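Structural features, examined
In case you want the letters, here they are:
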Amino acid sequence: MDGYDVIVVGAGNAALAAAVSAKETGAGRVVVLEKAPREMRGGNTHWSGAVLRFALDDPREIAPLIPGAEAEYENFYEGIAPYTKADFHGDLMRVTSGRTDPDLSRLLVENSKDTVFWMHRTGGIAMEPAVTLSAVRKDNLMVWARGLVVRAAHEGVGLSRSWFATAEKLGIEIRYGSAAVELVVDDSAGIAGVKVRDETGLHLLKTRSLVLGCGGFEANVQMRTQHIGAQIGGAKVRGTPYNQGDGLRMAMAIGAMPWGQWSGCHATPISADWGEFAPRELTDRSNRLSYVYSVMLNRKGNRFVDEGEDGALFTYAKFGRAILAEPGAKAWQIFDSKVIHLLEPRYSTSTPIVADTLEDLVAQLDIDDKAQAMKTLEAYNRAAKGVDDGFDPTKPDGLSTQGLALEKTNWGLRLDSPPFHAYSATGGITFTFGGLRTTTEAEVVGTDWRPIPGLYVCGEMVGGLFYDNYPAGTGLVSGATFGRIAGRNAAKNAARFAGSHAA
Ligand SMILES: Cc1cc2nc3c(=O)[nH]c(=O)nc-3n(C[C@H](O)[C@H](O)[C@H](O)COP(=O)(O)OP(=O)(O)OC[C@H]3O[C@@H](n4cnc5c(N)ncnc54)[C@H](O)[C@@H]3O)c2cc1C
């Protein structure tokens, strides 16, 4: 046979969800094209923390996903608040300033819980409480971030491995080192195949149903610079080096419509110690997201964001970009000893600079204007508060500084308990927001505003969900939601053409 029922381009969470969904719907021959070699497979999904945001009315609804949690954590469910669909949609609206696509975001929110249960049930993905990322201990209780309690067991590494295992078990063919380079259409203006480059040359694979799930353009310096700007052009890349915008370019070459915020991206504060690309074995452990308990200084010795504007999981995706806009694309996060126990465990992947006085600390930092840094810290301390004034690490506590031009509006604690610790931070790009115009059936829309027959899309390539910012844990749930729909529709479309692949 020289054709496939469904071809899926990419092998991250979204693409493998699509491949599994296509099989589940009855597609016969399904192939996954992975550009990376086997040892680099899995895209950003492998690098991810694999935390999954979904709506739930009653915390106990998650029990089937994590049956052992109650035995492991005392009063587990008491520390979890309900997170309704309205809450989830409200968060998406808030962080995107009301610009998230109304139809796609509704679809994502409505399906979020069902998607995660489907990942567990059909995708074979084991789950666990996302304790290192989402929980803060308050007295004897673990208090969990709303909507963010569950992650894939063994994080992105486990998530990716499970998807591959399930795909293989279902008889889905996986071709490694196989880059899709061109989409082929025929006289019907529909998909007829894809050209693939591998180590043996260029091949045409025929199909009537193709799903694009091959990521954004975060690893492509030219596209980053062109669409987002010079600062993001220079950002370190947090995930896979293989997401180079191929799928977006291929689709637009056959008339697909670009959609969403092409000038936007998810970029987070990460340790400045890393090279241009994140080491695969460290996955997401360079993130530096405990800045809400810190004062962040740039190289001029000034603060430049409200570190406590909101919980880190609602500001981290934009603060990386904020750091990139500062001199040398660098910042220092300064903590005192009374909050050190609140730092995420991943801070342990670098060694802080430590001193007993703020003067001694600043003297060791590569801040150009150290006198200004001391002035900033002293002014901050005069405007800041003490723990007894109502400090609460489990939620935005309203403990705001008073009298600064740039206030720190929550967790505005004085830096007064030595020793003081400083961690470096720069901005690392996670993924890009620009994508393709997509219907609620995961069809790709052309610039003539009609779906391109046989072409489906999922994951980072879906345009219009995120603008300027992003609520943590949404990418993977979105990827699996749209992947599931894309795979199902690709299989149904293939059934219409059964026996006529060669076209
Ligand atoms: C460090 C880090 C931490 C993260 N943590 C979380 C988290 O905790 N929760 C969350 O929801 N999200 C998280 N994310 C975001 C999440 O990883 C992404 O939203 C998600 O993985 C995107 O899935 P995807 O399938 O669209 O793309 P990817 O997983 O990136 O997969 C893209 C695939 O396409 C392949 N490919 C690219 N071009 C081609 C081509 N031409 N031909 C064939 N194959 C191609 C790639 O090799 C790869 O296999 C994190 C991301 C990073 C980098």
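Residues numbered from 1 in each chain as written. Predicted model: local features only at pLDDT ≥ 70, side-chain atom pairs only at ≥ 80, totals over all residues.

1. As for the domain arrangement of the protein chain
Examined at the domain level, the protein chain breaks down into domain 1 (3-218 + 433-496) and domain 2 (267-428). Here the side of domain 1 that touches domain 2 is built from residues that sort into 11 nonpolar, 5 polar and 3 charged. (Domains from an automatic or database assignment. Nonpolar A, V, L, I, M, F, W, Y, C, P; charged D, E, K, R; others polar.)

2. Observations concerning the site of the ligand
With respect to spatial proximity, 41 residues lie near the ligand, and among them Gly12, Gly43, Gly239, Gly459 and Gly475 are the closest. Contributions of two or more residues to the shell around the ligand are made by helix 1 (13-24), helix 2 (43-47), strand 10 (179-185), strand 20 (420-432) and helix 14 (474-496). Residues that form the shell around the ligand fall into these classes: 15 nonpolar, 20 polar and 6 charged. (Near = placed C-beta within 6 Å. Helix = DSSP H or I, 4+ residues; strand = E, 2+ residues; numbered from the N terminus.)

3. Regarding the environment of Trp118
With respect to the element layout, Trp118 can be found in helix 5 (residues 102-121). Residue classification places Trp118 among the partly exposed residues on the basis of 19 C-beta atoms within 10 Å. Taking C-alpha positions, Trp118 is 9.6 Å from Ala17, a pair spaced 101 residues apart along the chain. Excluding residues within four positions of it along the chain, Trp118 makes contact with Gly123 and Arg484. (Buried ≥ 20, exposed ≤ 12 C-beta atoms within 10 Å, placed from the backbone. Contact = placed C-beta atoms within 7 Å.)

4. Some words on the sheet that holds strand 4 (residues 51-52)
Reading across from one edge, 4-8-5 is the order of the 3 strands in this open sheet, with antiparallel pairing throughout. A strand with exactly one partner marks an edge of an open sheet, and here the two such strands are strand 4 and strand 5 (127-129). As paired elements, strand 5 and strand 8 (residues 150-152) share 3 bridges and run antiparallel to each other. Bridge assignment links Met127 to a residue of strand 8, and that residue is Ala152. (Pairing = 2+ DSSP bridges.)

5. Focus: the nonpolar core
Counting residues in each nonpolar core, the largest one holds 150 residues, and the members touching the most others are Ala15 and Val211. Among the elements that line this core, the one with the most residues is helix 14, at 9 residues. Contacts of Ala15, omitting those with residues within four sequence positions, involve Val8, Val9, Gly10, Val32, Val211, Gly213, Cys214, Cys458, Gly459 and Gly483. (Core = buried A, V, L, I, M, F, W, Y, C linked by C-beta atoms within 7 Å.)

6. Points about helix 1
In this model, helix 1 (12 residues) spans 16 Å end to end at C-alpha, consistent with the 16 Å of a helix rising 1.5 Å per residue. Most of helix 1 sits inside the fold, with 11 of its 12 residues counted as buried. Taken together, the buried positions of helix 1 are Asn13, Ala14, Ala15, Leu16, Ala17, Ala18, Ala19, Val20, Ser21, Ala22 and Lys23. At its buried positions, helix 1 is contacted by strand 2 (6-9), strand 3 (30-33), helix 2, helix 7 (155-169), strand 13 (210-212) and helix 14. Positive phi appears at Gly26, one or two residues downstream of helix 1, with a value of about 115 degrees. (Expected span 1.5 Å × (residues − 1).)

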